[in-house]
Number of protein chains: 2
Amino acid sequence: MIKLTILSDEASEIAEELHKSIAESNTLKGTNNQPLIAIDQVTSQPDDVDTENVSVLLSDPDLASIIIDKCSALTWCQSTWAGNAPLLNAGKTDYILTGLKGVFGKLMREYVFAYLLQHARNTKAFEENQRATAPRWQASPRLPLNGQTLGIVGLGSIGQALIPVAHAFGMTVIGLTRSGNQVEGAECVYTPSDIKAFSSACDHVVNLMPDTPTTQNLLSDEFFNALKPHSVFINAGRGSAVDDDALLNALDRGTFAHAVLDVFRHEPLPSSHRFWRHPNVTVTAHTAAESQPGDIARVFLENAARYLEHLPLKYQLDFAKGY
Amino acid sequence: MIKLTILSDEASEIAEELHKSIAESNTLKGTNNQPLIAIDQVTSQPDDVDTENVSVLLSDPDLASIIIDKCSALTWCQSTWAGNAPLLNAGKTDYILTGLKGVFGKLMREYVFAYLLQHARNTKAFEENQRATAPRWQASPRLPLNGQTLGIVGLGSIGQALIPVAHAFGMTVIGLTRSGNQVEGAECVYTPSDIKAFSSACDHVVNLMPDTPTTQNLLSDEFFNALKPHSVFINAGRGSAVDDDALLNALDRGTFAHAVLDVFRHEPLPSSHRFWRHPNVTVTAHTAAESQPGDIARVFLENAARYLEHLPLKYQLDFAKGY
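Keep in mind that what you see is a predicted model, and the values were worked out from it rather than measured.

Draft legend 1. Quick peek at the overall build of chain A. When helices and strands are counted, chain A shows eleven helices and twelve strands. In terms of overall dimensions, chain A has C-alpha extents of about 70 × 45 × 40 Å along its principal axes. Taking all 323 residues of chain A together, 54% fall into the buried category. When contacts within chain A are restricted to residue pairs at least 6 apart in sequence, those whose partners lie at least 24 apart make up 59%. Within chain A, the 36 negative side-chain charges are centred at a point lying 7 Å from the centre of the 25 positive side-chain charges.

Encoded structure:
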């Protein structure tokens, strides 16, 4: 039997999805047809949580990190996010922390290719041709993705979800990861010590590295200066991986063409930050791949079934490695 | 031995590509290492062509149609376009006409998904958030392609090139063709008599039908009225397939969301046409998949090698069928 606390900005939406799925499920009920999961607390306010009685927590990691120290009876926390730095850095490590995985790839691939294709097809120029006072029937320049090389920094489940799409567009994929281990579908996987060679081999680059101590400022002068004048750089991993000044300096010199940024050192991105006003920077609001209540409920229930059977949980995070 | 006339807006670029490839090729030379292809005339002006001496013509079909009747010695014309209505309707049929195929799919898939993803990811709203006087950190609504159904009208080589990309994005593909014959990767293929059932089953639709008498106004009220409020319609086939008024009426009533139009009944699209100014219409300049001189040269030389060996040519067009 699981007594569940939900602490999230979307707590009630998640609870609703869980109630629906539990009612429909045959496997999550006991001998008397009683649900094996009881939703005990549902709140978006950390202060509301009866911390002493929390054993299983389904939570946004930023909210959970505020009260996690007081949850002395906690055995398992299922996070609602992909990136879990707030909990991985919170100090407490005597419980099982599981991330939200396998649900972001399908959204991330649409984000990444929306912006790669916007650039490749020069849709803004065609939009200007159309909206001009005298509309212009004109072939503005384009540069196909077909035949180009996409570099992916961080080839976890989200990064790997981009590979089949890149291949379908006739692109070659290369990667950069901490281990440099081969990944199916990637021609070559570099390590951070070869970052310049990696960067020079790419037409476009997507960063999807999580926020760990070793990825801080990983993408700095050496990386940006080796890009190409037509290159698009997309950051949908974590803001801390990018040296903002190095990015802007390279962009201002025309070293690469355009930056698409979804994540930042400080979020929301302060309105005074140069990124907002730079003509060659696209800013989105950490919206590339957002957790959906339905996905959160599904992953939690999948793990809850394993928990009830005393099986190892999926998507466990390692406090030592930091991801 | 082939004596070649090139008549095209890009005649000199095509000639240059041919010279380069012929110089590098071993198979296009005879016993004395003499090229088996001699480029005789290179022009963009139909009046310049010495019509009596044309035997093999590599030409834009609109230009060729002006002089084709006078080319009494013509045996083969390789077109530089995918759509060949000007020559198919010109009256003369006593020669072999080959189209340009197998080169447009790679460009078309980028055009189609650039605009499907622009809509799915609502990139214009995020652009407005960024460019506002006070930039807005805001999650504007999006609707993923994942799980949606893409309808393709016309499943020739170009239409089929969209299928692997649609699948990579987690979409289902259905088709509409004259024959209704099964096509690999399409769940279901409808015929024009079932156009309403086809249209109702689609989230988004791309038209790639060629211009033939049977496709005139194929996409009219019945088709547009069965689309969904979130549907995007893309026309990159031929303008004559679309009933412009039916499209605009459906759009104005909110029957579907957005039209992306690359082809029109009259090109360039007259500046007075409502399409240019409609907020839910994107106009591009028949630029979705343009013939590239390198691709034209490659397809011509592939067929020239077959011509010299007296083998059947590839991509032959049928004057009776009209495609």
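From this point, things continue past the structure.
Draft legend 2. Molecular detail of the sheet that holds strand β5 (residues 96–98) of chain B. Residues and elements named next belong to chain B. Taken together, the five strands give an open sheet; going across it, the order is β2-β1-β3-β4-β5, and neighbouring strands pair in parallel fashion. Either end of the sheet is taken by a strand with one partner, and the two such strands are β2 (37–43) and β5. Averaged over all pairs of adjacent strands, the angle between their axes in this sheet comes to 20°, without regard to strand direction. Two strands pair when backbone bridges link them, and strand β3 (residues 56–59) and strand β4 (residues 76–79) are joined in this way by four bridges, in the parallel orientation. Paired with Val56 across the bridge in β4 is Trp76. Running at roughly 165° to β2, helix α1 (residues 11–24) makes contact with β1 (2–7), β2 and β3 of the sheet. Against the sheet, helix α11 (residues 293–308) contacts β1, β2, β3, β4 and β5, and its axis sits at roughly 155° relative to β4.

Draft legend 3. Structural view of the interface of chain B and chain A. Between chain B and chain A, the residue contacts involve 55 residues of the former and 55 residues of the latter. Taking both sides of the interface into account, the surface hidden between chain B and chain A amounts to around 4,300 Å²; carbon and sulfur atoms contribute 57%. Area buried by chain B at its contact with chain A is led by B:Glu110, B:Arg121 and B:Trp137, which between them contribute 20% of it. Put simply, chain B and chain A have four salt bridges between them. A:Arg142 is the salt-bridge partner of B:Glu290, the closest N and O atoms lying 2.8 Å from each other. Our enumeration of links across chain B and chain A arrives at 34 residue pairs in polar contact (both at pLDDT 80 or more). Secondary structure elements with two or more residues in the side of chain B that touches chain A: α4 (105–120), α5 (123–131), α6 (157–168), α10 (274–277) and β12 (281–283) of chain B. Considering every element that reaches the side of chain B that touches chain A, the biggest residue donor is α4(B), with eleven residues.

Draft legend 4. Structural detail: the side chain of B:Gln41. All names here are of chain B. Mapped onto the elements, Gln41 comes out in strand β2. Classification of Gln41 as buried rests on a relative accessible area of 12%. Reaching out from Gln41, the side chain makes a polar contact with the backbone nitrogen of Asp50 at a distance of 2.8 Å.

Draft legend 5. Examining the nonpolar core more closely. Core analysis: the largest hydrophobic core is formed by 114 residues, its most contacted members being A:Leu18, A:Phe113, A:Phe300, B:Leu18, B:Phe113 and B:Phe300. In this structure, A:Leu18 is in contact with A:Leu4, A:Ile6, A:Ile39, A:Leu58, A:Ala297, A:Phe300 and A:Leu301, ignoring residues within four places of it in sequence.

Draft legend 6. Layout of the packing of α4(B) against α6(B). Residue and element names in this part refer to chain B. Relative to each other, α4 and α6 sit at 55°, their axes nearing to 8 Å. On the basis of their axis angle, the class for α4 and α6 is oblique. The handedness of the crossing between α4 and α6 comes out as right-handed. Along its contact with α4, which presents Gly105, Met108, Arg109, Val112 and Phe113, the element α6 presents Ile158, Ala161, Leu162, Val165 and Ala166. Among the residues forming the contact of α4 with α6, the class breakdown is eight nonpolar, one polar and one charged.

What counts, and where the lines are drawn
Residues numbered from 1 in each chain as written. Chains lettered and ligands numbered in written order. Predicted model: local features only at pLDDT ≥ 70, side-chain atom pairs only at ≥ 80, totals over all residues. Heavy atoms only, no water. Helix = DSSP H or I, 4+ residues; strand = E, 2+ residues; numbered from the N terminus. Buried < 20%, exposed > 50% of the residue type's maximum accessible area, 1.4 Å probe, protein only. Contact = heavy atoms within 4.5 Å. Lys, Arg positive; Asp, Glu negative; His and termini not counted. Charge placed at Lys NZ, Arg CZ, Asp CG, Glu CD. Pairing = 2+ DSSP bridges. Axes fitted to C-alpha atoms, helices over the stretch in contact; angles between N-to-C directions. Buried area = accessible area lost by both parts, 1.4 Å probe. Salt bridge = Lys/Arg side-chain N within 4 Å of Asp/Glu carboxyl O. Polar contact = N/O pair within 3.5 Å; in protein donor to acceptor, adjacent residues only side chain to side chain. Core = buried A, V, L, I, M, F, W, Y, C linked by side-chain atoms within 4.5 Å. Parallel < 35°, antiparallel > 145°, perpendicular 65-115°, else oblique. Left-handed = near helix turned anticlockwise from the far one by under 90°. Nonpolar A, V, L, I, M, F, W, Y, C, P; charged D, E, K, R; others polar.

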